[in-house]
Amino acid sequence: MSLFNTVRNTIVPVHKEGYPFVAAFFVASLILGWIFKPLFWIGMIFTLWCAYFFRDPERVTPQDDDLVISPADGKVSAIQMVTPPAELDLGSEPMLRISVFMNVFNCHVNRAPMRGRIVSINYRSGSFVNAELDKASEDNERNGLVIETRHGQIGVVQIAGLVARRILCWANPNEPVDAGERFGLIRFGSRLDVFLPAGAAPRVSLGQVAIAGETVIAEFASTKGPIISRRS
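This structure is a prediction, so every number in the text was calculated from the model and none was measured.

Basis of the calculations
Residues numbered from 1 in each chain as written. Predicted model: local features only at pLDDT ≥ 70, side-chain atom pairs only at ≥ 80, totals over all residues. Heavy atoms only, no water. Pairing = 2+ DSSP bridges. Helix = DSSP H or I, 4+ residues; strand = E, 2+ residues; numbered from the N terminus. Axes fitted to C-alpha atoms, helices over the stretch in contact; angles between N-to-C directions. Polar contact = N/O pair within 3.5 Å; in protein donor to acceptor, adjacent residues only side chain to side chain. UniProt positions renumbered as here; feature names shortened; annotations may be inferred. Buried < 20%, exposed > 50% of the residue type's maximum accessible area, 1.4 Å probe, protein only. Salt bridge = Lys/Arg side-chain N within 4 Å of Asp/Glu carboxyl O. Phe/Tyr/Trp six-rings, centres within 6.5 Å; stacked < 30°, edge-to-face > 60°. Patch = residues over 30% accessible without salt bridge, like charges linked within 9 Å, V, L, I, M, F, W, Y side chains within 5 Å. Areas by Shrake-Rupley, 256 points an atom, 1.4 Å probe, with all protein chains shown as cover.

**Points about the sheet that holds strand 10 (residues 182-187)**
Within a sheet, adjacent strands bond to each other through the backbone by hydrogen bonds, running parallel or antiparallel. Spatial ordering of the open sheet is given by 4-10-8, a layout of three strands whose pairing is antiparallel. With partners counted over all chains shown, the strands left at the sheet margins are strand 4 (109-111) and strand 8 (166-169), one partner each. Averaged over all adjacent pairs, the angle separating strand axes in this sheet is 20°, with direction ignored. As paired strands, strand 8 and strand 10 are joined by four bridges and run antiparallel to one another. What sits directly across from Leu-168, in strand 10, is Leu-185.

**Here we look at the side chain of Asn-106**
Within the element layout of this structure, Asn-106 appears in the loop between strand 3 (95-102) and strand 4. Separated by 2.8 Å, the side chain of Asn-106 and the backbone nitrogen of Asn-103 make a polar contact.

**Observations regarding the environment of Lys-75**
With respect to the helices and strands, Lys-75 occurs in strand 2 (residues 74-82). Residues Lys-75 and Asn-106 lie 31 residues apart in sequence; the distance between their C-alpha atoms is 9.5 Å.

**Considering the UniProt feature "modified residue: Pyruvic acid (Ser)" (unreviewed entry) in the protein**
As recorded in UniProt, the sites labelled "modified residue: Pyruvic acid (Ser)" (unreviewed entry) are Ser-190. Among the residues examined, Ser-190 registers a relative accessible area of 0% and is labelled buried.

**What to know about the pattern of salt bridges**
Evaluation of the coordinates by the stated rule reveals six salt bridges. Arg-191 is the salt-bridge partner of Asp-193, the closest N and O atoms lying 2.9 Å from each other. The same class applies to Asp-193 as to Arg-191, namely buried. When the shortest N-O distance is used, the salt bridge between Arg-203 and Glu-219 registers 3.1 Å. Of this pair, Arg-203 sits in the loop between strand 12 (200-202) and strand 13 (209-210) while Glu-219 sits in strand 14 (residues 216-220); the two residues are 16 residues apart in sequence, bridging distant segments of the chain. For Arg-203, a relative accessible area of 12% corresponds to the buried category.

**Considering the sheet that holds strand 3**
Taken in spatial order, the eight strands line up as 9-5-6-7-11-3-2-13 in an open sheet, and their pairing is antiparallel. Of all strands in the sheet, those with a lone pairing partner are strand 9 (176-177) and strand 13, marking the two edges. Bridging between strand 2 and strand 3 involves seven bridges; their strand directions are antiparallel. Residue pairing in the sheet places Val-82 in a bridge with Met-95 of strand 3.

**Quick word on the packing of aromatic side chains**
Counted under the stated rule, the structure contains one aromatic pair. When the centroid spacing of 4.9 Å and the interplanar angle of 80° are considered together, the rings of Phe-40 and Trp-41 count as edge-to-face. In this structure Trp-41 comes out as exposed when scored by relative accessible area, which is 53%.

**Re a nonpolar patch on the surface**
On the surface, a cluster of nonpolar side chains totalling about 870 Å² of accessible area is made up of Phe-26, Val-27, Leu-30, Ile-31, Leu-32, Trp-34, Ile-35 and Phe-36. You can see Trp-34 is positioned in helix 2 (residues 19-35).

**Structural notes on unusual backbone geometry**
Even without a glycine there, the phi angle at Asp-89 is positive, about 55°. Of note in this structure, Asn-174 is not a glycine but carries a positive phi near 70°. Looking at the element boundaries, Asn-174 is found in the loop between strand 8 and strand 9. Residue class for Asn-174 comes out exposed when judged on its relative accessible area of 55%.

**Brief notes about the pairing of strand 5 (residues 116-124)**
Taken together, the two bridges between strand 5 and strand 9 define a ladder with antiparallel strand orientation. Bridged to Arg-117 within strand 9 is Pro-176. Relative to strand 6 (residues 142-149), strand 5 is paired through seven bridges, and the arrangement is antiparallel. Bridge pairing in strand 6 links Ile-118 to Ile-147.

The structure is reproduced here in structure tokens:
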């Protein structure tokens, strides 16, 4: 029984959005294998990668309304003061933007960075340039959520990337949301921007690897200044 529990706890579940893709890769592997046997094993490698891409692990989220939690797995690619996208209706004053870039090997399930109420959801069509580029925030296809929190309204923007061709969001306006709660997913490779009002201090550094639902990326109501990091 203990061996069964060990295996069950080790295997990460696949999100239901990935079922059709995993099935398609598997069927393609069978067909290719019928044509030429070595192609079956190559197809199975891609099938396993697809299942890995759509993995949906459990996360342990800090429950503190002063903390901002990473909405995505990936690398912190930007920490800067910028004007938020107009469709978010967050004003024209610069806000702290923290960006997390997801490559094709990261878990792509997106999670809410703070507890609050979803005020609005705004989708904008666009291009599909590299999501690591700064201009992706303006040019790329994106979907933005505005969440009312105890520290004011924050913006969370899902941005499609060079390979991504579908942004999924299953949240709805006027719904409550908890920090770390799943709200969307992007296929395949993309970026999440979080826009924070005055009073938020970054708690990550450029290039740092963040874990969705667990890594604290910013903090409100803190007397501490910006963190100092050392690469080693």
